[in-house]
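Per-entry structural report
The residues making up each chain are set out below.
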Amino acid sequence: MRFAMPSLFAKSDHSQDAEPSLFGASDFGNQFGLLPREKIELMIRRKMILGLEKIEERQFQPASLDLRLGARAYRVRASFLPGMGRKVSDQLQDLQTDVISLEGKGAILERGCVYVIPLLEHLNLLESFSAVANPKSSTGRLDIFTRLITDNSEVFDRVARAYEGPLYAEVSPRSFSVRVRKGSKLNQIRFRRLHSQQLERTDFGVDERELRTRHEKIPLVDGDLELRRNGLVLRVGLSAETPGNVVGYRAQKYTDILDIDEVGAYNLSDYWEPVRARLDRRLILDPDVFYILASRERLHIPSDLAAEMVPIDPAMGEFRVHYAGFFDPGFGAAPDNRPSARAVLEVRSYEVPFILEDGQVIGRLVFEKMAEPPQVLYGESDTSNYQGQGLKLSKHFRA
């Protein structure tokens, strides 16, 4: 069930007459790590997260907050980062080629174009708080390249400690043109609370020794635990284990527009071609074609951990995996404590065809400690669209 807290979602006021921020690090107790939903709600009450419009109940995930598109999209000539001492809004004045209203029925973001969209959420973080962003799972499965930008930043998807200011999404649909509107949610943000020894760290992953100990008590993965660089190794599954021997999907090149807010509204066959298992258990990736595949392993994320998929090594092959979304606490949990959900992989080859083989290493899952377990885990709410998943397209498609 969800916990309704109407008083939490009051409209924020950015004017000079607004109530001053009343918060302190002591309000968050003595726990450090990724913040669960309950602490994100506290951040909102303490005005560390500000909404230009009322923050909605459905934005909350067990360990993250969905971010909403604002009222305008700026089409730009190319992707950019503002750099230290510079604001995104100033860069937009030089780079924008068109301003598009997202009010009402919204607007179409064309495939292959780049847009920068101010978000409805702003931040006012304490010195010991930072944040990291990622595309939502559904966004990645539609091959919508989405990254977070902040003022004064030299990297994407990272929010510096004590950041105060607006948030922007860079959005570039790669396979399908999509319709979005003000309030559409394409990416999400996680918040970290750091103690004094962590303030300059960039790596927060759980080490291999602890992962092995946890796996012995409650399995993190079905089968043997294979670790590399403090991460769980994931391998692609290309053997025939599904009805019709389907091991993946290939995006069609010429399709109708997809509305990002329509769930279960589209026929799979109008946008995707099934990829069937071959006797040699191989798949040749065509250059610049988008594929949905799945890991061979089934996973389980414990209630006090969260996870993120990261590359094994950029030099391993001529392909990339569009890592979309985070893995929330409770993902893949089953009543018998056995791992139940595969990781869905969004794969694109580079300039040349590339052969993937069944069981080939394709990424690693890095675990990170929660400050405390969320009260509602993934799979226990009506926004958990991918619990227990196998090979699965985004929620927009009918099976």
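Below you will find a few notes about this structure. Note that this is a predicted model, so its numbers are computed, not measured. (Residues numbered from 1 in each chain as written. Predicted model: local features only at pLDDT ≥ 70, side-chain atom pairs only at ≥ 80, totals over all residues. Heavy atoms only, no water.)

1. Points about the sheet that holds strand S16 (residues 231-235)
The condition that has to hold: Paired strands, in this sense, are two strands between which DSSP finds at least two bridges. Helix and strand assignments follow DSSP, with helices taken as H or I runs no shorter than four residues and strands as E runs no shorter than two, numbered in order from the N terminus.
A sheet is described by the order of its strands in space; here four strands give the open sequence S15-S16-S27-S23, paired in antiparallel fashion. Of all strands in the sheet, those with a lone pairing partner are strand S15 (227-228) and strand S23 (305-310), marking the two edges. Of the strand pairs in this sheet, S23 and strand S27 (residues 361-369) are connected by six bridges, and their pairing is antiparallel. Considered in S27, the bridge of Ala306 is made with Glu368.

2. Details of the pattern of salt bridges
The condition is simple: Every case where a carboxyl oxygen of Asp or Glu lies within 4 Å of a side-chain nitrogen of Lys or Arg is listed as a salt bridge. For every residue, the accessible area (1.4 Å probe, protein chains only) is compared with the maximum for its type, and the residue is labelled buried under 20%, exposed over 50%, or partly exposed between those bounds.
Applying the stated criterion across every chain, the model contains 27 salt bridges. Note that Arg161 and Glu127 form a salt bridge whose closest N and O atoms lie 2.4 Å from each other. Pair noted here: Arg161 is in the loop between strand S11 (158-159) and strand S12 (164-173) and Glu127 is in the loop between strand S8 (114-124) and strand S9 (129-135), with a separation of 34 residues, a long-range link. Classification of Arg161 as partly exposed rests on a relative accessible area of 23%. Owing to a relative accessible area of 49%, Glu127 belongs among the partly exposed residues under this scheme.

3. So, helix H4 (residues 208-217)
Filter applied, for reference: Summarising the geometry, the arc corresponds to the directions from the helix axis toward the C-beta atoms. We call two residues in contact whenever any of their non-hydrogen atoms come within 4.5 Å of each other. Side-chain atoms alone can form a polar contact between residues adjacent in sequence; in general such a contact is a pair of N or O atoms within 3.5 Å, and within protein one must be able to donate a hydrogen while the other accepts it.
Every buried residue belonging to H4 is among Leu211, Arg214 and His215, and all of these are buried. Down the axis of H4, the buried side of the element spans an arc of 100°, and every buried residue falls inside it. Opposite the buried face of H4, by more than 90 degrees, sit the exposed residues Arg209, Glu216 and Lys217. Against the buried residues of H4 lie S15, S23 and S27. Its side-chain oxygen at 3.3 Å from the backbone nitrogen of Arg209, Asp207 defines the N-terminal cap of H4.

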